[in-house]
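# Per-entry structural report
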Amino acid sequence: MTPQAACFHCGEALPGGKPILASLGDDHQPVCCIGCKAVAEFIHSSGLEAFYQHRSRPSADLGLRAEPLEWRHYDDQDLLLRYVSDDGKNATTTIEIGGMYCSACVWLLDNAMLRLDAVESVSVSPATRRAVIRWDKSRLKFSQLLAAIAQVGFKPSPTSAGLASDEHDGESRQALKRLIVAAAAGMQVMMFAVALYAGDYYGIEAHIERFLRIISLFVCLPIVFYSARPFFAGAYRGIKARSPGMDLPVAIAIAAAFIASIRATLMNVGDIYFDSVAMFVLFLSATRYLEMRARHRSEDRTQALAQLLPETVIRVRDDETDVIPLDKLRVGDVTLIRPGDVIPADGRILSGELAVDEALLSGESLPVSREPGMDVFAGGINRAGIASVQITLTGASTSLAEIGRLLEQAKADRPPIALLADRIASKFVVGMLLVAAITGAVWLTIDPSRAFEIVLATLVVTCPCALSLATPAAIAASASRLARDGFLLIKSRVLEVLTKPVTLVFDKTGTLTEGRPTILETRVLTTSDARSADEYLALAAEIETASEHVLARAFSRHYKVGANRSGNIRSQQGAGVEAVVNGALYRIGSEQYVSELSGKAHLSEGKDADSTLVYLGDEHSILARFAIGDELRHDAEQTIRQLLHLGYSVAIASGDREAAVATVAKKLGIDRWHSHLSPSDKLNLVDELQQAGETVVMVGDGVNDAPVLAAADASVAIDAGTALARASADAVVLGKRLGSVVDAIVVAGKTKQIIRQNIAWAILYNITAVPLAAAGLLAPWMAAIGMSVSSLLVVLNALRLQSAKLAVNDSDRGNNATRVAQEALV
């Protein structure tokens, strides 16, 4: 056993008395408490000893303490509904991980969780200290999952959509307080500095000068010890982790300037730099605050939705209504939705009609009509109509909660350019510290009286804040801008891929088309009846209510309550439905089946390639013909036209029949199309394109396209708000606008431009400013202003993405998006 003065697991000092030893095979290591002993022995027995090799520093907060935590109450049904999304077999949850500080902690949690047979996937974000875990609920209880995390040495805290807003509000309030203190005190320090500068020029009495120096010292104290505290804390963490960040030169500069100024004030000899310290902290705090707001704003939409959910709902049971808390709502319950109400959970309309505002959920600017049989989603606002809604998903299983989990996964992802910028910034810090040291050594031989001032200016001016903020600020702003239009960024690599020459491969059903049977045309075939096409539609809908055929769903939206009275309904498999309506016998189905009733055949005009023909007739003649098909999305033609105009290659990969795919391809002007493809065939197609050197972006519906979405270089799931949990895409379109893909291309191009501008500016600034500071041509206060303004420019430049206007309406949006995209992709 190797003697050591610190705990083997957490690094804390060992207590006095008899040592506590952790048994690690043949070895024994001293630990500070029973908790660290249990965790260290668990890590060793689980074969995870590499944790101690990978971690960048001892994890003081990772140890369990002597008091065991009780998790069994989390198996309560109400808590499960709040924190766990249940899709039948598997469950998903978001957990805040206490005691996570470095990449080794992430590695330990990942490996410990994946060693549990029931756990399918773990996505951990060290930035937010949250993990999204998916597991088999039949093999592992929620309480057992939490206990397993605690056994590793972390402190799990389940969270749900909306809870992060409190954390963000606290962070924003604290940062704003520090900024206000820095601004208020900084203005006073600058006033005293102006008086002192004027005294140097015009003359000042000694006791007045000393008084101004002393009062400047006292006013500067809250700036250094309160407003600048995050910089010192960050520098300390970087040193302990042996990975110095941009806080290190900032902290050194502030501390050195402040200590030197205190010395000069007390000894009444030399220059003071309180004004430089005040400006440095003020401008840098303002920059950090703006960057933090840009980061938080990318989640504001989800938080706003979560806060919109009502505290109570109106439940309908046995024709009676009662008001219950939202947490008591269960799947299968029926709720009454009135004008102005917020949809409390995902559900399906049983009766009535609603005009639902889903702007925050999907980016749709106008309320959408929802009729019986159609789905509604938690967070939508009912603008008109009254309806009964049967609840299908509640709590953590709703689409709203799933969006929150997808955002958590997005935070854990960083594009290659961001990782490169981080590596450059880390090395840049060390390099600039060496430059400052060399500059000081040189000036000690040239003019020792100016050495400190020049080193301070060099240290301040070389802070890599602008370089470190260049990429994350732009990505946060672009994610916020896209989310506003319902394009949810899951993995930021999409932004990078979309700026390259790519091949966009579209699924047909549910992506280019609406994905549901629709009445495309109604044609009246008899002249002996005065009824209109709409009346025949209502009659057909009345008969089709008894049919379970997929095509029968096309008539559901045309059903009118009380318009017709039907009875004696009989369905014949593969042919159609027969029923007595208003005393008359009717048939609906194939032409042959309907003709048999009247004995009269209709002169067929052939079958459309992209539709199925359904006939309606009575005992006298065939009355009407309905063409049923899958409609193109309303903006599909415009979207494909824009993509082709931009120079992108577009293809269709569909499992549908050849005639249907060919018709859609012809309408959209797509030359490359493939039909009758199984999921494995689609995978092979993507692989062939990639082998040919093409970069592939797959656009599908996010459900049955999951394998090929995961295989593509980047992928987008077009989704109206359902089945988000099954999407394997890098981005999800929450609305029905296919044009969101073009919007993403525009924003991706602008993001690339702004990142390049930011990095170029940061490098140019340092190349220009460092020689000036090292040559003694910049005073410390000038360096503070220069560095802070440089960082502010980077953040403000990135924030331009949030206000980027694509168009004023759908038609203008397309033309404007095309023009902007062409400019951005140059």
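First things first, this report covers the structure right here in the doc. (Residues numbered from 1 in each chain as written. Predicted model: local features only at pLDDT ≥ 70, side-chain atom pairs only at ≥ 80, totals over all residues. Heavy atoms only, no water.)

### Some points on the overall build of the chain
Quick note on the threshold: Labels follow the DSSP assignment, with helices taken as runs of H or I lasting at least four residues and strands as runs of E lasting at least two, numbered in each case from the N terminus. Only protein chains enter the accessibility calculation, which uses a 1.4 Å probe; a residue whose area is less than 20% of its type maximum is buried, one above 50% is exposed, and one in between is partly exposed. Only heavy atoms enter the contact rule, under which two residues are in contact if any of them lie within 4.5 Å.
Looking only at helices and strands, the chain features 27 helices and 29 strands. Buried residues in the chain amount to 51% of all 826 residues. Restricting the contact set of the chain to residue pairs at least 6 apart, pairs at least 24 apart contribute 68%.

### A few points about helix α20 (residues 591–598)
Counting buried positions over the 8 residues of α20 gives 6, a clear majority of the element. For α20, the complete set of buried residues consists of Glu-591, Tyr-593, Val-594, Ser-595, Leu-597 and Ser-598. Among the residues trailing α20, Gly-599 stands out with phi positive, at a value near 75°.

### A word on unusual backbone geometry
In this structure, Asn-582 takes a positive phi of about 55° despite not being glycine. Structurally, Asn-582 is set in the loop between β21 (576–581) and β22 (584–589). We note that His-676 has phi near 55°; this positive angle belongs to a residue other than glycine. Structurally, His-676 can be placed in the loop between β26 (672–674) and α23 (679–691).

### Concerning the pairing of strand β16 (residues 387–393)
Applicable threshold: Between any two strands, pairing holds if DSSP finds at least two bridges.
Sheet topology note: the strand β10 (residues 334–337)/β16 ladder contains 4 bridges and is antiparallel. Across the sheet, Ile-337 pairs through a bridge with Ala-387, a residue of β16. Where strand β11 (residues 346–352) lies against β16, 6 bridges are found, and the strand directions are antiparallel. In the strand pairing of β16, Ile-349 is matched with Val-389.

### A few points about helix α15 (residues 448–461)
The line we're drawing: The span expected for a helix works out to 1.5 Å for each residue beyond the first.
If you check α15, its first and last C-alpha atoms are 20 Å apart, about what 14 residues at 1.5 Å a residue would give, namely 20 Å. Along α15, the positions that sit buried rather than exposed are Ala-451, Glu-453, Ile-454, Leu-456, Ala-457, Thr-458, Leu-459, Val-460 and Val-461.

### Some details on the nonpolar core
Put simply, the rule reads: For our purposes a nonpolar core is just a set of buried Ala, Val, Leu, Ile, Met, Phe, Trp, Tyr and Cys residues, chained together by side-chain atoms within 4.5 Å.
Of all hydrophobic cores here, the largest spans 43 residues; its most connected members are Ile-254, Phe-280, Val-281, Val-460 and Val-461. If you list the elements that add at least two residues to this core, you get α6 (164–202), α7 (206–227), α9 (247–267), α10 (274–297), α14 (416–446), α15, α25 (740–774) and α26 (780–799). Discounting chain neighbours no more than four positions away, the residues touching Val-461 are Tyr-765, Asn-766, Ala-769, Val-770, Ala-773, Leu-778, Ala-783 and Met-787. Counting residues in each nonpolar core, the second largest holds 39 residues, with Phe-487, Leu-489, Leu-632 and Val-697 among its members.

### Observations concerning a nonpolar patch on the surface
Applied cut-off: To count toward a patch, a residue needs a relative accessible area over 30% and no salt bridge; like charges are then connected within 9 Å, while nonpolar side chains (Val, Leu, Ile, Met, Phe, Trp, Tyr) are connected within 5 Å. To be clear on the numbers: accessible area is Shrake-Rupley with a 1.4 Å probe, and residue cover counts the displayed protein chains and nothing else. Every case where a carboxyl oxygen of Asp or Glu lies within 4 Å of a side-chain nitrogen of Lys or Arg is listed as a salt bridge.
Together, Val-430, Leu-434, Ile-438, Val-442 and Ile-446 give the surface a local cluster of nonpolar side chains, amounting to about 460 Å² of exposed area. Relative to the helices and strands, Leu-434 is located in helix α14. Judged by relative accessible area, which is 52%, Leu-434 ranks as exposed.

### Some remarks on the packing of aromatic side chains
Where we set the bar: Classification of ring pairs uses Phe, Tyr and Trp, with its six-membered ring standing for Trp, and accepts pairs whose centres are within 6.5 Å; under 30 degrees between planes counts as stacked, over 60 as edge-to-face, and the remaining range as tilted.
Inspection of the entire model under this criterion finds 9 aromatic pairs. Between Trp-135 and Phe-142 the ring centres are 5.9 Å apart and the planes differ by 15°, which places this aromatic pair in the stacked class. A single burial state applies to Trp-135 and to Phe-142, both of which are buried. When the ring of Tyr-273 is compared with that of Phe-452, the centres are 5.8 Å apart and the planes differ by 50°; the resulting orientation is tilted. Placement of the pair is Tyr-273 in the loop between α9 and α10 and Phe-452 in helix α15, with a sequence separation of 179 residues. With a relative accessible area of 9%, Tyr-273 lands in the buried category.

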